[in-house]
Amino acid sequence: MAANFWTSSHCKQLLEPEEVDVVPSLDKEKGLTLEEFKMIKIHMTNYISRLGQQCKVRQRVVATAITYFRRVYTRKSMTEYDPLLVAPTCLYLASKAEESTVQARHVIFYIKKIPDKKYVYDLKDILEMEMKLLEALNYYLVVYHPYRALSQLLQDVGMADLTILSWSLINDSYKMDLILIYPPYMIALACIYIASVLKEKDTTAWFEELHVDMNVVKNISMEILDFYDAYKQSIPDERINAALSKLSSKP
Amino acid sequence: MAEPNPAADPTQSKRVADRYLKREVLGEGTYGVVFKAIDTKTGQTVAIKKIRLAQYKEGVNFTALREIKLLKELKDPNIIELIDAFPHKGNLLLVFEFMESDLEAVIRDRNIVLSPADIKSYMQMTLKGLAYCHKKWVLHRDMKPNNLLIGADGQLKLADFGLARIFGSPDRKFTHQVFARWYRAPELLFGAKQYGSAVDVWAAACIFAELLLRRPFLQGSSDMDQLGKIFAAFGTPRLPQWPDMVYLPDYVEYEFAPAQPLRSLFPMASDDALDLLSKMFAFDPKVRISAQQASEHRYFSSVPAPTKPALLPRPPLKGESLKSRPLDFNSQEGPVVLSPPRKSRRVMLNREGLEGNHQVMNMGGVRQMGETTSHSSHVPMSVDLADLFERRSPPRPTLNSADRSHLKRKLELDLELTPNEK
């Protein structure tokens, strides 16, 4: 599938980093900072992963759901589109789009199983939000992911022992907006790069032969490492709640 | 934003989402009504598929979503264009370019003479559209003349992607219950779960044959019979011809039948046409020619050159009669039935042959567009009936309900999640 990434809607929709790191104006009015905006996205990314595990969907579905989630907030505000509803709806929509349908009532069932504060939404809300999401996504549903590229690239470099580490790195990369900015195979390359450095494997010659822009690969790698630095500890619940309550406050 | 045009038709027109002037209903698709409309923004005639949501507990219909997802990625002169999509009164509306007719109507219209150049042109457009899909890793899985729509400019476009799938992962298992039976490739009939773009090429070959013969080529009455018909024409495949055949889930040995010379099956076809046909009808999917290669076959560059789309013979213009008598055709037919006339025509066709008819529903919606008028206002009944008496071909199978429930089960099996309840 990677063969035609270049002609895909995903490719055409890639954004510049500056375009992604923008707090929607409505949220800004409520005092939401960029830091908090990112934090909520990380928190909800984790939430989608957990819900995805509960629903037993493939990693690909989770990754697509997170991509939808992040795309939505490049266009819509969290004030109008409550992240707590958008997140499970993204998973529901992604499960259909990736041909692994989870029934909506099952999603609801598992939402309630995650012991968390105020997920007060019901079937009707999810179905209504699905429609709004489709519109927000401009009906573009096909998303490419670094996973396929990863296995092909690792096979090519002949370092299957890097699989687990680089796969986990990719999983974590969804806590950032990389998937909205870079072609998936570049993200895969960055994860291989980090993994090879950590495991002290020499991939220099291989990377040189690839004829890719190593600056981009290194930039992505740096961003990932910076991210790990910044979020070493998990974000305290109070901070998340404080950020979320800003959204529900009246301006 | 667009200039209103109520003067044109004040009683009939209704605005949808401020932009579309709603006209008559064209037919009923799998998941909702299809109606004709005028896009006031562009002046273009469009077909709007209404996807009902209220009745579903599962939000946007899965098939509809699949079609949206794929068509948003496919932009090609030989693929139906999804112009717009938007929610409206709790339904989801999909706006497609309006297509006048379809290839089945062309093939069936006894008043139309198809020259070798015309057939070449229709085949070229079919294969180009298909090659584009395959380049984008999309399998159509429901290729048949009825799903090849023809626009006012003569362009042929692949439509109805409700069964289509991205086939990126080589090891994913798919259901083999796809395609109307007459267009199903032998590997599917033998139950293959892992298959590729070759299945669409086989179906395209059946369409090629149908254009040459002016009737469906291999009209099997069951899956077994379908294979029988295939082998009766091309001979029972021998192992060297198709080594993997014996490993297919539903493989059974067929009594040996010798191949008939292609020339005798298609006496009117040129040598180039026969060569291409034989490559598209290769038994082994690995050997079967790709859509891209097929579209570059010398058949298309040899004389006669393919007819320019605009000059292709088509069923008489439906738009004309429509404009003059927009309301009448319904009353002519007696009680207003919401099903498309195409369907009623099929029902009649069935009655000619046998009473029971089970192929009631079509899989998709858009394809019916334009048919409404063609049949009811244009084609004189008597001619049609006489025609049918002569032919008595069995009903053209679409996916029947048994197939579809089977398909549904299979699709559920396809899911990689373990069932959560039950």
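About the thresholds
Residues numbered from 1 in each chain as written. Chains lettered and ligands numbered in written order. Predicted model: local features only at pLDDT ≥ 70, side-chain atom pairs only at ≥ 80, totals over all residues. Heavy atoms only, no water. Helix = DSSP H or I, 4+ residues; strand = E, 2+ residues; numbered from the N terminus. Buried < 20%, exposed > 50% of the residue type's maximum accessible area, 1.4 Å probe, protein only. Contact = heavy atoms within 4.5 Å. Areas by Shrake-Rupley, 256 points an atom, 1.4 Å probe, with all protein chains shown as cover. Buried area = accessible area lost by both parts, 1.4 Å probe. Salt bridge = Lys/Arg side-chain N within 4 Å of Asp/Glu carboxyl O. Polar contact = N/O pair within 3.5 Å; in protein donor to acceptor, adjacent residues only side chain to side chain. Axes fitted to C-alpha atoms, helices over the stretch in contact; angles between N-to-C directions. Parallel < 35°, antiparallel > 145°, perpendicular 65-115°, else oblique. Left-handed = near helix turned anticlockwise from the far one by under 90°. Nonpolar A, V, L, I, M, F, W, Y, C, P; charged D, E, K, R; others polar. Disulfide = S-S within 2.5 Å. Core = buried A, V, L, I, M, F, W, Y, C linked by side-chain atoms within 4.5 Å. Pairing = 2+ DSSP bridges. pLDDT = per-residue confidence, 0-100. Expected span 1.5 Å × (residues − 1).

**A word on the overall build of chain B**
Scanning chain B from terminus to terminus reveals 15 helices and 11 strands. Considering chain B as a whole, with its 422 residues, one finds that 57% of them fall into the buried category. In chain B, once contacts between residues fewer than 6 apart in sequence are set aside, the share between residues at least 24 apart is 68%. As displayed, chain B offers around 17,700 Å² of accessible surface, 57% of which is attributable to carbon and sulfur atoms.

**A closer look at the interface of chain A and chain B**
With 34 residues of chain A in contact, the opposing surface of chain B contributes 34 residues. Note on chain A versus chain B: buried area summed over both sides is about 3,100 Å², and carbon and sulfur give 56% of it. The shortest N-O distance in the salt bridge between Lys69(B) and Glu99(A) comes to 3.8 Å. At the boundary of chain A and chain B, one finds 11 residue pairs in polar contact (both at pLDDT 80 or more). At the level of secondary structure, the elements contributing two or more residues to the side of chain A that touches chain B comprise α6 (83-97), α7 (104-113) and α8 (123-136) of chain A. Looking at the side of chain A that touches chain B element by element, the count peaks at 6 residues for α8(A).

**Here we look at the packing of helix α9 (residues 146-157) of chain A against helix α10 (residues 163-173) of chain A**
Packed helix pairs are specified by the crossing angle of their axes together with the interaxial distance, meaning the distance between the axes. Residue and element names in this part refer to chain A. Close contact between α9 and α10 brings their axes to 11 Å; oriented N to C, the two are set at 160 degrees. Judged by the angle between their axes, α9 and α10 are roughly antiparallel. Handedness of the α9/α10 crossing: right-handed. Contact residues: α9 offers Pro 146, Tyr 147, Leu 150 and Leu 154, while α10 offers Thr 163, Ser 166, Trp 167, Ile 170 and Asn 171. Its residues assigned to classes, the contact of α9 with α10 shows 6 nonpolar, 3 polar and no charged.

**Structural notes on the state of the cysteines**
All names here are of chain B. Scanning all chains against the criterion turns up 0 disulfides over all chains. In this model Cys 133 remains outside any disulfide bridge; the closest cysteine sulfur is found in Cys 206, 17 Å from its own. Looking at Cys 133, the relative accessible area reads 0%, which means it is buried.

**Some points on the nonpolar core**
Grouped together as the largest cluster of nonpolar side chains are 193 residues, with contacts concentrated most on Leu103(B), Tyr122(B), Phe234(B) and Met280(B). The greatest single-element share of this core, amounting to 11 residues, is contributed by helix α5 (residues 198-213) of chain B.

**Some thoughts on the sheet that holds strand β10 (residues 156-158) of chain B**
All names here are of chain B. Read across the open sheet, the 3 strands follow the order β7-β9-β10; overall the sheet is antiparallel. Each edge of the sheet is formed by a strand with only one pairing partner; in this case those strands are β7 (101-102) and β10. Sheet topology note: the strand β9 (residues 148-150)/β10 ladder contains 3 bridges and is antiparallel. Residue pairing for β10: Leu 149 is matched across the bridge by Lys 157.

**Side note on the confidence of the model for chain B**
Residues and elements named next belong to chain B. The share of residues in chain B with pLDDT of 70 or more is 68%, and the mean pLDDT across the chain is 76. Here residues 1-13 is a poorly scored stretch, pLDDT under 50, and it has 19 contacts once near neighbours within four places are set aside; other chains count. Across residues 400-422, confidence stays below pLDDT 50; counting only partners more than four residues off in sequence or on other chains, it has 38 contacts. This prediction of the complex comes with two scores: 0.79 for pTM and 0.88 for ipTM.

**Describing α8(A)**
Here α8(A) is 14 residues long and its end C-alpha atoms lie 20 Å apart, about the 20 Å a rise of 1.5 Å per residue gives. Those residues of α8(A) not exposed but buried are Ile126(A), Leu127(A), Met129(A), Glu130(A), Met131(A), Leu133(A), Leu134(A) and Ala136(A). Against α5 (59-72), α6 and α7 of chain A together with α1 (62-71), β5 (82-88) and β6 (91-97) of chain B lie the buried residues of α8(A). Among the residues trailing α8(A), Asn138(A) stands out with phi positive, at a value near 55 degrees.

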